[in-house]
Amino acid sequence: MLKKYAQRTYRPNRQISKTGTSSIRQAMMNHRKKLQLSPEVIQRAIGFEIEISYRPFRDKNHHDTTLKHNIPVWASPYKPYEKNEVLLEGEGFNVCTDISFYNLCPYLEIITDPFEEGPQGFQKLKHVFTTFELMMTKLTQAARENSQIGFKDIFWQFGKIQPQNKDISLWSYKKPDIGLVQVTAGIDLAKIPFLFQDWAWPSNEEDKTLLKRRAPGRKIFAKWELEKIQDYLGKKVLALSLLNINEVISSLRNNGMPEEEAKKMTGPVKWSDTLAGLLSVIALYLDLAHQKVNAFPKSFALLLSRTDFVGLYQELDQEQKDYFSIDDNWLGLLQEIIRKLGIGKITDPFYSQGIFHKYGAMFEDKRYVLAPFSRIEWLMHIPKGKDPLTERYFPIPEYKHWFRSFGEFGKKTDVIHVDGQRKEVPIFEIRFENHDIIYKQWKNFACLVHEWISALNSGADLKFGETSGHHLPESVP
């Protein structure tokens, strides 16, 4: 039945890339203890990944030949760095290399162990981030005094350096005291509408007290401020997309499907907070990927689901899954969401405006190579147990490596405990594009994130930046 809707269908490549991993995944593999209850469960924790502005080279000649003479990494006589190559093993963290998508040059990332909920995990977080402050103080001071920094001169006292890495030199390529922070955590799918509501452009009815409480989170996560509202007028900004998504999902939940669309389905949709959460994440992907994507494919994703969408779909109850196993029911609801979002049709390309727009002529020939991959090809496979928006199943083989972070953990979940009850929840990565934080603010930021996500999952009414709260209402209206 799917073929009659799809513009083009590919045969999925079922080979899983051996290199299809991420730094966060590596940290989880190294440090998380899986619970014995299920092979699909990862112990509950909140992890951080911090990109810092330093490039490692084997020696000065390696630096000069790579940067000054513009020799491609693949043509260099020097052994290249690998993604997630561990340079330093610290207590509760690693310093690793990542590789720039743009020019393949390596840079440093600090990857923490995931910190468990509760006082013990919180204290460990503070201890590790205190170490980061000491480490970054030494590194920043050295960078301001010398353009070339000996890796071991800075890092020897903070962990174990492998012999082959002791002669590495570092060069700072941006501000030496900043880091780009990303967060990975299990988040209850039913809480996603609350999260979107806290980040979104305020509705006309929003209470003034709520407006003030939500302001710090909106500034950090959606990158906008009410005080600068004139700067956003006439632009499609993230906060407005989130408001639109919230209103569309809420409208369908409260008012049902239009009569002409409802006739195509087998009956009314059974709503729940979990279904609203799933549809909110789907709507976010569809809306943000409908805009021009400035960089590589995942760069649009403010909230990247590391559990694949089959895993998210499995969070629905059995009655809902049975209902949506009927193509017309799933198709009808998604078509109406897309229509209400105002982003075209379900048969349009997923990346309808292209990718790599900020990379200039070098990537111009690749801007529309993903156009054959349609929204419908992604969405209609999900109830059938396959997520084409992952490296494993992406239907254009030559570009599937671009999708190694999408749904990378498969159906794996984290565990949370709410009111003494154990619950498995999907894993998300919260991404911050172009939001650098000075290292002296890292610990405070990490503490606020840890407390905020813990409160969100537990149902406490705590906004980002607050330290105590009350229980949320049972559902978002």
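Reading the values: the criteria
- Residues numbered from 1 in each chain as written.
- Predicted model: local features only at pLDDT ≥ 70, side-chain atom pairs only at ≥ 80, totals over all residues.
- Heavy atoms only, no water.
- Helix = DSSP H or I, 4+ residues; strand = E, 2+ residues; numbered from the N terminus.
- Buried < 20%, exposed > 50% of the residue type's maximum accessible area, 1.4 Å probe, protein only.
- Contact = heavy atoms within 4.5 Å.
- Areas by Shrake-Rupley, 256 points an atom, 1.4 Å probe, with all protein chains shown as cover.
- Pairing = 2+ DSSP bridges.
- Axes fitted to C-alpha atoms, helices over the stretch in contact; angles between N-to-C directions.
- Parallel < 35°, antiparallel > 145°, perpendicular 65-115°, else oblique.
- Nonpolar A, V, L, I, M, F, W, Y, C, P; charged D, E, K, R; others polar.
- Expected span 1.5 Å × (residues − 1).
- Bend = angle between axes of the 7 residues up to and from the residue.
- Polar contact = N/O pair within 3.5 Å; in protein donor to acceptor, adjacent residues only side chain to side chain.
- Salt bridge = Lys/Arg side-chain N within 4 Å of Asp/Glu carboxyl O.

### Description of the overall build of the protein chain
- A count of helical and extended segments in the protein chain gives 14 helices and 17 strands.
- A total of 477 residues make up the protein chain; the buried ones form 57% of that total.
- Taking contacts inside the protein chain between residues at least 6 apart in sequence as the whole, the part at least 24 apart equals 71%.
- When the accessible surface of the protein chain is totalled, it reaches about 21,700 Å², and 50% of it is carbon and sulfur.

### Some thoughts on the sheet that holds strand β7 (residues 149-150)
- The sheet built from three strands is open, its strands ordered β3-β9-β7 with antiparallel pairing. Both outer strands of the open sheet, β3 (54-57) and β7, are each paired with one neighbouring strand and no more.
- Sheet analysis places β7 next to strand β9 (residues 169-172), joined by two bridges and oriented antiparallel. The residue of β9 that forms the bridge with Ile 149 is Leu 170.

### So, the packing of helix α5 (residues 192-199) against helix α6 (residues 208-221)
- Running from N to C, α5 and α6 point in directions that differ by 90 degrees, and their axes come no closer than 8 Å. By the angle between their directions, the pair α5 and α6 is classed as roughly perpendicular. Contact with α5, carried on its side by Gln 197, Asp 198 and Trp 199, involves Arg 214, Gly 217, Arg 218 and Phe 221 of α6 and no other residues of that element.
- Taken together, the residues that form the contact of α5 with α6 break down as two nonpolar, two polar and three charged.

### Some remarks on α6
- Taking 1.5 Å of rise per residue, 14 residues should cover 20 Å, and α6 covers 20 Å from first to last C-alpha, within 8% of that figure.
- By the largest-angle criterion, Arg 214 marks the main kink of α6, which is about 45 degrees, and a proline, Pro 216, follows within four residues.
- Along α6, the residues classified as buried are Arg 214, Gly 217, Arg 218, Ile 220 and Phe 221.
- Contact partners of the buried residues in α6: α5, α7 (238-255), β14 (427-430) and α14 (442-458).
- Where α6 begins, the side chain of Asp 207 points an oxygen toward the backbone nitrogen of Thr 209, at a separation of 2.8 Å.
- Among the residues trailing α6, Lys 223 stands out with phi positive, at a value near 60 degrees.

### So, unusual backbone geometry
- We note that Lys 223 has phi near 60 degrees; this positive angle belongs to a residue other than glycine.
- Note that Lys 223 resides in the loop between α6 and α7.
- The phi dihedral of Phe 356 is positive, around 60 degrees, even though this residue is not glycine.
- Mapped onto the elements of the fold, Phe 356 is located in the loop between α12 (327-341) and α13 (375-379).
- You can call Phe 356 buried: its relative accessible area is 0%.

### Thoughts on the pattern of salt bridges
- According to the stated counting rule, one finds 24 salt bridges in the structure shown.
- One salt bridge connects Lys 463 with Asp 198, and the closest N-O pair in it is separated by 3.0 Å. Of the two residues, Lys 463 is situated in the loop between β16 (460-461) and β17 (470-471) and Asp 198 in helix α5; the sequence distance between them amounts to 265 residues. Here Lys 463 matches Asp 198 in class, with each residue buried.
- By sharing partners, the salt bridges in this structure join Asp 198, Glu 206, Arg 213, Arg 214, Arg 218, Asp 461, Lys 463 and Glu 466 into a single network.

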